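The lines below spell out each chain.
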Amino acid sequence: MGLALLAKLAIENYIEKEKIISTPDNLPKKFLNKKSGVFITIKKNGNLKGCIGTYLPTKKNIAEETIQNAIVAATKDYRFEPIRKEELPELSYIVYILEKPKLIKNIKELNPKIFGVIVKTNNPPLKSGLLLPGLKGIDTIEKQLSDVCQKAGINPVKEEIIIYKFIVKKFC
């Protein structure tokens, strides 16, 4: 079983039965023995319907992180209505496993096609935002930083920021 199917099963079980599935035994060992941040993207007819995750691990392993984040992406993404049972057949899923973010010293280290980005403010009020790599319409470093700052409510001209980059492994 792959991670996208695991996300699908977790969401369908939760929406249809209001139950959280147990971690299946038939997953590759790397998903059961390793911890990592995981993001889940849900699309309906090619349009974003939910995208939530963790950039650092919060669960025992990648499988548990996937199950939890899939349910949250389906039910708690503030930008969208929670997924309804009737929508389930129209959904597709992408699971991103995130490598540990690395602090950058120069924005030239970024590449929006290869690296995701996390931006945080350095002073109160603390704010942060994250963008995954390879997003449609984000072709330059400047656009990537502008979008992630806007998403986080950060004004990079007035607020001191810290920037991290990360690589993902994508599972469809």
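These figures come from a predicted structure and were not determined experimentally.

Procedures and definitions
- Throughout, residues of each chain are indexed from 1 in the direction in which the sequence is written.
- Totals for whole chains, interfaces and linings use all residues, but because this is a predicted model, local features are given only for residues with pLDDT of at least 70 and pairs of side-chain atoms are given and counted only at 80 or more.
- Excluding hydrogens and water, the side-chain values take into account all heavy atoms of the structure.
- Starting at the N terminus, helices and strands are each numbered in turn, a helix being any DSSP run of H or I of at least four residues and a strand any DSSP run of E of at least two.
- Exposed residues in this analysis have more than 50% of their type's maximum accessible area, buried residues have under 20%, and partly exposed residues fall in between, with area computed by a 1.4 Å probe over protein chains only.
- The contact rule is simple, with two residues in contact once any of their heavy atoms fall within 4.5 Å.
- For every accessible area listed, the method is Shrake-Rupley and the probe measures 1.4 Å; residues are considered covered only by the protein chains on display.
- In this tally, Lys and Arg are treated as positive and Asp and Glu as negative; His is ignored, and so are the chain termini.
- By convention, the point assigned to a charge is CZ for Arg, NZ for Lys, CD for Glu and CG for Asp.
- We call a set of buried Ala, Val, Leu, Ile, Met, Phe, Trp, Tyr and Cys residues a nonpolar core when their side-chain atoms join them within 4.5 Å.
- Whether two strands pair comes down to DSSP finding at least two bridges between them.
- For helices, the fitted axis covers only the stretch in contact; all axes are lines through C-alpha atoms, and the angles between them, taken along N-to-C directions, range from 0 to 180 degrees.
- Under the convention used throughout, the expected extent of a helix is 1.5 Å for every residue step, that is, one less than its residue count.

A.B. asks: What exactly am I supposed to notice about the overall build of the chain here?
C.D. replies: Helices and strands together make up the secondary structure of the chain, namely 4 helices and 8 strands. Starting at the N terminus and walking to the C terminus, you meet the elements of the chain as α-α-β-β-α-β-β-β-β-α-β-β. Along the first, second and third principal axes, the C-alpha set of the chain runs to 50 × 35 × 30 Å. Within the chain, the fraction of its 172 residues that count as buried is 44%. In the chain, 71% of the contacts between residues at least 6 apart in sequence involve partners at least 24 apart. Surface exposure of the chain reaches about 9,800 Å², of which carbon and sulfur atoms provide 53%. Each charge class in the chain can be summarised by its mean position, and for the 30 positive and 18 negative side chains these summaries are 4 Å apart.

A.B. asks: Help me understand the nonpolar core, please; the structure alone is not making it clear to me.
C.D. replies: Generally speaking, a soluble globular protein has its nonpolar side chains buried in company with each other. Counting 26 residues, the largest nonpolar core has Leu3, Leu6, Ile11, Ile40, Ile42, Ile83 and Leu88 as its most contacted members. Every element with two or more residues in this core is listed here: α1 (3–17), β1 (37–44), α3 (62–75) and β3 (91–98). A total of 7 residues in this core trace back to one element, the largest contributor, which is α3. With near-sequence residues (within four places) excluded, isoleucine 11 lies in contact with Ile42, Ala70, Ile71, Ala74, Leu88 and Tyr93. Judged by nonpolar contacts, the second largest core, of 13 residues, contains Ile104, Cys149, Ala152 and Ile154.

A.B. asks: I keep staring at the sheet that holds strand β6 (residues 128–131) and nothing clicks. Help me out?
C.D. replies: Neighbouring strands of a sheet are bound in pairs by backbone hydrogen bonds; such pairs are parallel or else antiparallel. With antiparallel pairing, 4 strands are arranged side by side in an open sheet as β4-β7-β5-β6. Every interior strand has two partners, whereas the edge strands, β4 (102–103) and β6, have only one.

A.B. asks: Mind showing me how you'd approach the sheet that holds β3 here?
C.D. replies: With antiparallel pairing, the 4 strands of this open sheet are ordered in space as β2-β1-β3-β8. At either end of the open sheet lies a strand with only one pairing partner, and these are β2 (47–53) and β8 (168–171). Averaged over neighbouring strand pairs, the angle between their axes works out to 20° when direction is ignored. As paired elements, β3 and β8 share 4 bridges and run antiparallel to each other. The partner of leucine 98 across the bridge, within β8, is valine 168. Sheet contacts for α1: β1, β3 and β8; angle to β3, the most-contacted strand, approximately 120°.

A.B. asks: I would appreciate a short explanation of the environment of isoleucine 94 in the present structure.
C.D. replies: Counting through the fold element by element, isoleucine 94 comes out in strand β3. Residues isoleucine 94 and leucine 3 lie 91 residues apart in sequence; the distance between their C-alpha atoms is 8.3 Å. Among all residues touching isoleucine 94, those that are not within four sequence positions of it are Phe39, Ile40, Thr41, Lys170, Phe171 and Cys172.

A.B. asks: Help me understand the pairing of β3, please; the structure alone is not making it clear to me.
C.D. replies: Regular strands have side chains that alternate between both faces of the sheet. Where burial is concerned, most of β3 is hidden: 7 out of the 8 residues are buried. In the sheet, β1 pairs with β3 via 8 bridges, with the strands oriented antiparallel. The residue of β3 that forms the bridge with lysine 43 is serine 92.

A.B. asks: Explanation requested: the side chain of threonine 41 in the structure shown.
C.D. replies: Position of threonine 41 among the secondary structure elements: in strand β1. By relative accessible area, threonine 41 is classed as buried at 6%. Threonine 41 has contacts with Leu48, Gly50, Cys51, Ser92, Tyr93, Ile94, Tyr96 and Leu132, leaving out every residue within four places of it along the chain.

A.B. asks: Please clarify how α3 should be interpreted in this entry.
C.D. replies: Since the α-helix turns once every 3.6 residues, residues separated by three or four places project in the same direction. For α3, built from 14 residues, the straight-helix expectation of 20 Å at 1.5 Å per residue is met to within 8% by its first-to-last C-alpha distance of 20 Å. A large share of α3 lies buried, amounting to 10 of its 14 residues. Every buried residue of α3 is accounted for by Ile62, Ala63, Glu65, Thr66, Ile67, Asn69, Ala70, Ile71, Ala73 and Ala74. Contact partners of the buried residues in α3: α1, α2 (29–33), β1, β2 and β3.

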